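Each chain is listed here by its residues.
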Amino acid sequence: MNEFPLLLISFIIYILVMLSGFASSFGSKAKWSRISYSLAIAGFIVQSAGLLVRTIASGHAPFTNMYESINFLSWSCVLVIIIFQRKFRLEKAWPYLWLLIVALMALVSSPLLPKNVTPLVPALQSYWLWLHVSVTLLGEAFLAVAFVASILYLAAGRSSAGNSEAQKKQENYDLIAYRAVAAGFPLFTLGALVFGMIWASQAWGRYWSWDPKEVWSLITWLFYALYLHTRLVMGWKGKRSALIAIIGFLAALFTFFGVNYLLSGLHSYV
Amino acid sequence: MIKFLSSIRLAIVLLILIIILSVIGTLIPQGEQPGFYQNYFPRWSGLILSLQLDHLFRSPLFLSVAFLFLLNILFCSLRQLPAKFKQLRGPIKFTPTGGQPVRDRKLASDLSDWLMVSPDSLLRALREKHYNVKIKEANGQKILIAQKDRSGLFGPEIVHLGLIIIIIGGLISALFSQRIELALTEGQTVDLPGQSFSLRLDQFTTDYYPDGSVKSWKSMVSILEKDQVKKQKTVEVNHPLKYDGLNFFQMSYGFDWDRTKVELEIKGGGSTARGLTLNVGEKFQLEPGLTLNLLDFIPDFELDEGSRPASRSAEANNPAALVEVTKDRRPVYLGWLFYYHPELNQVQREPDLELEISLKKFEAPLFSGLEAASDPGLNLVWLGCALLFLGLLACFYLNYRQIVIGLKPGEKPVFSAHSRHNQTTFYQELERLLEVRPDSAINSDRKNEGKTK
Ligand code: HEM
């Protein structure tokens, strides 16, 4: 059995989630929101099934190449968006977050990424692969939500001047971003840095080698440390905070994609 | 000086500086020869080499920034601590800082009743919500201090302490860790410098997937102490062997080409073709007075810049053997024999010598590349990581909350309430607890920028 049809179905559902999400800002709000949310759950279930099928078929963790990793990242993002919607209400941010999911799923289904199952090289045969990558990508999913919310914050900035209703909406974006970083930062720290170091010390005998992928994770992490401290101690909210969260996530993306294609190092599996 | 070292502005400057240096460290290839930088970065090579950006992460520049950062975290956390302990103890005067007289009549009288007449119901309600409650009494004043998730207050300090420990552990690793590379063929034993034991490779195997790619390398090894086997284990990638402070890792494998066994086919000289198996460096008497000498073997033959034979790689891509034949100690035949390209065999020989030699087979023993490492900083790093993560959980998931109620007979009660995070949810909680909207009755919002409101 092949997971790809399931992923395509979830892709289509996610497009509908996004469209009905946008519809809720025009048509009857409550009805479209409900439809959009139910579709999101349905899509998530289908994609989870796809993930399971892939794991069983390949016999290893479902994030060992680009195709699998982006799929897992998008699955994590969906999970995070649903959690945020239930806990905090995303309001206007909802459909734009699904725009991100649609972009990720477009990458997953594009023919650019090879989809065949390849056996694992000896260094990847470890349960630390599961822990390191899944926790890191889950953390990055939160950071992705902060990224979208921060862009929305900046975009809303132009129209909200003097309008208290719009300003409140804008502040909600700032709050979403902060909450996402507050959840994503500990996970990223644990997955990328701590589990990464433990695994490296098992596989390569040194926990830190200043390999480009390691350094770029560190850079990403330092950006979010900067985000937290400038906010907490210097009271930077809003615009400057949003900029740091955006650059931080771009650094995470560079760690994920750029390092593999542009810089060479030990982490050249994916 | 202390003020400068503990300032958050310095922390932000240093964070940005470390980010910039790290980016540079991934853009400039690290650890190359000076000539490399002169070739590829002619404009910048002077700067790169003088600032030692060719090994940036060990350069004095980077290390001093990191050291300053270490001091910064240390002093900053130390400076925060006294205030935090003070906060934990709670106010000693009946007017807490930031506290306000309660304006709402009902809440005021409720609070007075609770505290002066029957504190039990309030205490029970607070304790049910897992508040830690203290009541201080002095000169007729009463102060109630209720706190929840108190370790949340120290989240940042735990995080920072974790970081300090990780950095110190990292420094110890950088200065004192040792690595020894070992290349062992089956049956070989090595003594480990500075240790009382030695390591023997008993067996080395490689498993393959059906598609031919490598599945695993397994080195079965024994630890020997005075010829006694102390421990046996199969070392694999991701499964190191620990013994007496040393860790043994499976790092690589390869062929020991210096110990290649070579089979030559020899024709001519009157006799029929025959095969001959020799080790590199070995001699063989073909017939009285005629000696064949296997001088050298190269797995991947090429001519280097000085036109000298050399090996391009350690793989058997173009194996070649250097063979000499002497007649009464006088060389009569000398040349390289190629395994894949016998037509290219380059041989100088005496014209009347009818000798055809070709390279038929070669076999080198496989060695297992193991690395023995000791790292005295390792445990500190793990300790620091644990603190770092626990501290982060405390920062973001343990929401320190404090309620202070001060009461002096004949005066309105004074009330303050704040939480590190989520002021709104905290107020909702208080509302249920006191059955009055506290934010309408009082106004106790601490400066809480950057927090979720
Ligand atoms: C990469 C390094 C660092 C990391 C990962 C880190 C992490 C953190 C975290 C997670 C918090 C809590 C944030 C929150 O509750 O929103 C925090 C707070 C804080 N950090 Fe850091 N920190 C770092 C370096 C520093 C440095 C160098 C200083 C020194 C100047 C510093 C000063 C502070 C202060 C003053 C607080 C607020 C404490 C409080 O609210 O009680 N941090 N840090």
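Residues numbered from 1 in each chain as written. Chains lettered and ligands numbered in written order. Predicted model: local features only at pLDDT ≥ 70, side-chain atom pairs only at ≥ 80, totals over all residues. Heavy atoms only, no water.

K.L.:
Please set out the overall build of chain A residue by residue, giving values where relevant.
P.N.:
When you go through chain A residue by residue, the secondary structure sums to 8 helices and 0 strands. Here the C-alpha radius of gyration of chain A, 19 Å, is about what a compact globule of 270 residues would show, namely 18 Å. If you line up chain A on its principal axes, its C-alpha atoms span 60 × 50 × 30 Å. Sequence-distant contacts, at least 24 apart, represent 78% of the contacts inside chain A between residues at least 6 apart. (Helix = DSSP H or I, 4+ residues; strand = E, 2+ residues; numbered from the N terminus. Rg over C-alpha atoms; globule rule 2.2 N^0.38 Å. Contact = heavy atoms within 4.5 Å.)

K.L.:
Pulling in residues and values, what's your account of the pairing of strand β6 (residues 198-208) of chain B?
P.N.:
Residues and elements named next belong to chain B. Relative to β6, strand β5 (residues 189-191) runs antiparallel, the two being bridged by 3 bridges. Bridge pairing in β6 places Val190 opposite Leu199. Bridge analysis of β6 against strand β7 (residues 214-225) gives 10 bridges, and the strand direction is antiparallel. Bridge pairing links Leu199 to Ile223 in β7. Between β6 and the antiparallel strand that follows it, β7, lie 5 residues; Gly212 among them carries a positive phi value of about 95°. (Pairing = 2+ DSSP bridges.)

K.L.:
Break down the layout of surface pockets for me, citing the residues and quoting the values.
P.N.:
One number sums up the size of the second largest pocket: a volume of about 650 Å³. Residue lining of the second largest pocket: 23 residues in total, with Lys87(A), Phe88(A), Arg179(A), Phe396(B) and Asn422(B) positioned closest to the centre. Mapped by element, the contributors of at least two residues to the lining of the second largest pocket are α3 (66-88) and α6 (164-203) of chain A together with α9 (378-397) and α10 (423-434) of chain B. Its residues assigned to classes, the lining of the second largest pocket shows 11 nonpolar, 7 polar and 5 charged. (1 Å grid on protein atoms, 1.4 Å probe; cavity = no way out; pocket = protein on both sides within 12 Å on 5 of 7 lines; lining within 4 Å. Points joined across faces, edges and corners; volume = space filled by probe spheres on them. Nonpolar A, V, L, I, M, F, W, Y, C, P; charged D, E, K, R; others polar.)

K.L.:
I'd love a proper account of the interface of chain A and chain B, names of residues and values included.
P.N.:
Taken together, the contact pairs 47 residues of chain A with 49 residues of chain B. Between chain A and chain B, roughly 4,200 Å² of surface is buried when both sides are summed, and carbon and sulfur atoms account for 72% of that area. In this assembly, chain A and chain B are joined by 1 salt bridge. Elements with a minimum of two residues in the side of chain A that touches chain B: α6 and α7 (212-234) of chain A. Its residues assigned to classes, the side of chain A that touches chain B comprises 34 nonpolar, 9 polar and 4 charged. (Buried area = accessible area lost by both parts, 1.4 Å probe. Salt bridge = Lys/Arg side-chain N within 4 Å of Asp/Glu carboxyl O.)

K.L.:
How would you summarise the coordination of the iron atom of the ligand if you had to cite specific residues and measurements?
P.N.:
Listed as protein donors to the iron atom of the ligand are His229(A) (NE2) and His160(B) (NE2); their distances from the metal cover 1.8 to 2.0 Å. Because the angles between the 6 donor atoms bound to the iron atom of the ligand fall within 87 to 178°, the donor set is best described as octahedral. With His229(A) in helix α7 and His160(B) in helix α8 (residues 155-176), this residue pair bridges two chains. The buried category is assigned to His160(B), whose relative accessible area is 15%. (Donors = N, O, S within 2.8 Å, 3.2 Å for Na, K, Ca; no water. Tetrahedral: all angles 85-135°; square planar, octahedral: opposite > 155°, others 65-115°. Buried < 20%, exposed > 50% of the residue type's maximum accessible area, 1.4 Å probe, protein only.)

K.L.:
Before we move on, can you summarise the sheet that holds β5(B) with the specific residues and values?
P.N.:
Residues and elements named next belong to chain B. Spatially, 4 strands are ordered β5-β6-β7-β8 in an open sheet, and the strand pairing comes out antiparallel. Each edge of the sheet is formed by a strand with only one pairing partner; in this case those strands are β5 and β8 (228-236). Direction aside, the axes of adjacent strands within the sheet are offset by 25° on average. As paired strands, β7 and β8 are joined by 8 bridges and run antiparallel to one another. In the strand pairing of β8, Glu225 is matched with Gln228. (Axes fitted to C-alpha atoms, helices over the stretch in contact; angles between N-to-C directions.)

K.L.:
Outline α6(A), listing residues and values.
P.N.:
Residues and elements named next belong to chain A. If you check α6, its first and last C-alpha atoms are 56 Å apart, about what 40 residues at 1.5 Å a residue would give, namely 58 Å. By the largest-angle criterion, Gly196 marks the main kink of α6, which is about 30°. For α6, a buried count of 31 out of 40 residues is recorded, marking the element as mostly surrounded by other parts of the structure. Following α6 by one or two positions, Gly205 adopts a phi angle in the positive range, close to 80°. (Expected span 1.5 Å × (residues − 1). Bend = angle between axes of the 7 residues up to and from the residue.)

K.L.:
How would you explain the sheet that holds strand β21 (residues 366-374) of chain B if you had to name every residue and give the values?
P.N.:
Residues and elements named next belong to chain B. Read across the open sheet, the 4 strands follow the order β4-β21-β10-β9; overall the sheet is antiparallel. Only two strands of the sheet have a single neighbouring strand rather than two, namely β4 (178-185) and β9 (241-243). Within the sheet, the average angular offset between the axes of one strand and its neighbour, ignoring direction, is 30°. Pairing of β9 with strand β10 (residues 246-255), which is carried by 3 bridges, proceeds in the antiparallel orientation.

K.L.:
Tell me about the site of the ligand, residues and numbers included.
P.N.:
As a structural note, the neighbourhood of the ligand is formed by 24 residues, with His229(A), Cys76(B), Lys84(B), His160(B) and Arg420(B) the closest of them. Measuring from a nitrogen atom of the ligand, one finds a side-chain N or O atom of His229(A) at 2.6 Å. Contact distances for the ligand include 2.4 Å between an oxygen atom and a side-chain N or O atom of Lys84(B). Within the residue set of the shell around the ligand, elements represented by two or more residues are α6 and α7 of chain A together with α2 (8-27), α5 (60-89), α8 and α9 of chain B. A per-element tally of the shell around the ligand places α5(B) first, with 6 residues. Looking at the shell around the ligand residue by residue, the class counts come to 16 nonpolar, 5 polar and 3 charged. (Near = heavy atom within 4 Å. Polar contact = N/O pair within 3.5 Å; in protein donor to acceptor, adjacent residues only side chain to side chain.)

K.L.:
So what's going on with the side chain of Asp54(B)? Residues and values would help.
P.N.:
Residue and element names in this part refer to chain B. By secondary structure assignment, the location of Asp54 is in the loop between α4 (45-50) and α5. No salt bridge is formed by the buried Asp54. Its closest oppositely charged neighbour is Arg58, at 7.5 Å. At a separation of 3.3 Å, a polar atom in the side chain of Asp54 contacts the side chain of His55. Residues within four places of Asp54 in sequence aside, it is in contact with Pro29, Gln30, Gly31, Glu32, Tyr37, Ile48 and Leu49. (Lys, Arg positive; Asp, Glu negative; His and termini not counted.)

K.L.:
Please set out unusual backbone geometry residue by residue, giving values where relevant.
P.N.:
Residues and elements named next belong to chain B. If you check the backbone angles, Ser307 has positive phi at about 55° while not being a glycine. Residue position: Ser307 is located in the loop between β15 (301-303) and β16 (309-311). Residue Ser307 is classed as exposed on the basis of its relative accessible area, which comes to 54%. Backbone geometry places Asp328, a non-glycine residue, at a positive phi of 50°. Inspection of the secondary structure assignment puts Asp328 in the loop between β17 (320-327) and β18 (330-338).

K.L.:
Describe the pattern of salt bridges, and please don't skip the residues or the numbers.
P.N.:
Taken as a whole and assessed by the stated rule, the structure comprises 16 salt bridges over all chains. Here Arg231(A) ties to Asp174(A) by a salt bridge, and the two come within 3.0 Å at their closest N and O atoms. Separated by 57 residues along the polypeptide, Arg231(A) in helix α7 and Asp174(A) in helix α6 bring together distant segments of the chain. On the basis of relative accessibility, which here comes to 7%, the residue Asp174(A) falls in the buried class. Between Glu350(B) and Arg330(B) there is a salt bridge whose closest N-O contact spans 2.7 Å. Taken as a pair, Glu350(B) in the loop between β19 (346-349) and β20 (355-363) and Arg330(B) in strand β18 lie far apart in primary sequence, 20 residues in all. Since its relative accessible area comes to 26%, Glu350(B) is described here as partly exposed.

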